[in-house]
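Residues per chain are reported as follows:
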Amino acid sequence: MTTRRDVRCDVVVIGAGAAGMMCAATAGLRGRRVLLIEHYPILGEKIRISGGGRCNFTNVNTGPANFLSQNPDFCRSALARFTPHDFVALVERYRIGYHEKKLGQLFCDDTARDLIAMLKAECDRGHVDWRMPCPVDGVTREGGAWRVATPMGAVRAESVVVATGGLTVPKIGATPFGYRMAEQFGQAVVAPRPALVPLALPPDALARYGELAGVAVDVEVACGQGRFRENLLFTHRGVSGPAILQISSYWSGGEPLVIDLLPGIDAERLLVDERTSDARLDSVLARHLPQRFAQAWCAAQESVLPMKQLAEKRLRELATRLRAWTLLPSGTQGYNKAEVTLGGVDTRGVSSKTMAATNVAGLYFIGEVVDVTGWLGGYNFQWAWSSGHAAGMHV
Ligand SMILES: Cc1cc2nc3c(=O)[nH]c(=O)nc-3n(C[C@H](O)[C@H](O)[C@H](O)COP(=O)(O)OP(=O)(O)OC[C@H]3O[C@@H](n4cnc5c(N)ncnc54)[C@H](O)[C@@H]3O)c2cc1C
């Protein structure tokens, strides 16, 4: 049976994910009385499943350029005041082994569970109280204080921190609570949508490339302001892999992805130099591309022919297509497959130094619920740590 108990504290943090635990621990260690409310029964599930179980917990090269937001400068202050080095120092204090995989991405040597235990231990050091699992029935402002109603009783506090994350992977606890809460208190919300997400292909493209599921191609993909050189991976439903996950954050539906299939190679020279050869086009391309993909691509261009049967003009045309192959996705694979949610609480209503709502006293938004979305590669956790720390120092 649940015991109902009304309590008072200084700070209520709603959501015990990466940002919520960092904020609660930081505030608790400053001597603030903190209560952390989490509705999901298992602590830190998203941290546990991240980075293939080893959590890519930061990126040593983190900077504002690695984030998408309606206000690209918003993340600058929090990132500068709690940096990847600060988080690494914490990880080292807990003697958690880590390594750099590539491009500045730091992963745990053993398991992401070490990080969850570290964050829980920091909360314990800060004497943080918990209600978990415990849903929030409603939040109201009463007589200059906050009242957070839960089935376990109400909590009164000076400050409420919303750390409920985005909409990805609902089966492990994601809810739109943060956006509803923002709207309830007059904060604008930038329409959320899945990001760092595999993209679906329409039936005609799937008929051509669906059989390549599992084949990876090193490409440079561009869309809008985004451009990434990484692997593209074919799947049964469309395309994925780091290149596609990254560019998905810049794809708003409708526009094609423009893909250089031979980055760093002069495609025109490659083809024209072989114009008298008996070799087929797909064999020539297979020197630089996976063979099955080269065949499928050449078939789509109706050019599975010996090089010497292709006129020079046609070869130049094909080179242009190799440099700028266009692929028009039919949609994303949704919040179940996405790593993050783009959009969220509009930063124009939030202080970049403290994460406090500018028009509502004592209300804070941190982590993924805010309209700040990192690239793939540890940036999203760094934002959770930095924004959680910024609020934790102020509440
Ligand atoms: C599969 C996967 C892999 C990822 N890998 C990486 C990676 O390697 N590196 C990286 O940087 N990023 C990664 N990410 C992104 C990263 O996990 C998130 O950006 C980060 O966890 C956001 O932290 P947060 O604290 O803001 O939100 P979350 O970690 O989502 O935490 C929000 C918490 O709030 C709780 N909550 C929600 N609604 C309520 C409610 N109504 N009442 C009470 N509690 C509530 C949730 O249960 C959850 O515990 C990955 C994401 C996924 C899905």
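All values derive from a computational prediction rather than experimental measurement.

Along the polypeptide, S77 turns up in helix α3 (residues 76-81). Take S77: its relative accessible area is 17%, and that puts it in the buried class. In contact with S77, other than residues within four places in its own chain, are S352 and K353.

Okay, the site of the ligand next. Surveying the vicinity of the ligand reveals 30 residues, the closest of which are A19, E38, T175, E368 and F381. A distance of 3.3 Å separates an oxygen atom of the ligand from a polar atom in the backbone of G51. Against a free-state accessible area of 990 Å², the protein chains account for coverage of 91% of the ligand. Those elements giving two or more residues to the shell around the ligand turn out to be α1 (18-29), α2 (45-49) and α13 (379-392). For the shell around the ligand, the leading source of residues is α13, giving four residues. Considered class by class, the residues forming the shell around the ligand number 13 nonpolar, 13 polar and four charged.

Right, let's get into the sheet that holds strand β1 (residues 7-8). Across the sheet, which stays open at both edges, the four strands sit in the order β1-β11-β10-β9 with mixed pairing between neighbours. Looking at which strands have only one partner, the edges of the open sheet turn out to be β1 and β9 (138-142). Here β1 runs beside strand β11 (residues 153-157); their pairing, made up of two bridges, is parallel. Counterpart to V7 in the pairing with β11 is V155.

Moving on, we come to the pairing of strand β12 (residues 159-162). Every second residue of β12 is oriented toward a common face, with S159 and V161 on one face and V160 and V162 on the other, all of them buried. Pairing analysis gives four bridges linking strand β2 (residues 11-14) to β12, with the strands arranged parallel. Bridge assignment links V12 to a residue of β12, and that residue is V160.

What counts and what doesn't
- Residues numbered from 1 in each chain as written.
- Predicted model: local features only at pLDDT ≥ 70, side-chain atom pairs only at ≥ 80, totals over all residues.
- Heavy atoms only, no water.
- Helix = DSSP H or I, 4+ residues; strand = E, 2+ residues; numbered from the N terminus.
- Buried < 20%, exposed > 50% of the residue type's maximum accessible area, 1.4 Å probe, protein only.
- Contact = heavy atoms within 4.5 Å.
- Near = heavy atom within 4 Å.
- Polar contact = N/O pair within 3.5 Å; in protein donor to acceptor, adjacent residues only side chain to side chain.
- Areas by Shrake-Rupley, 256 points an atom, 1.4 Å probe, with all protein chains shown as cover.
- Nonpolar A, V, L, I, M, F, W, Y, C, P; charged D, E, K, R; others polar.
- Pairing = 2+ DSSP bridges.

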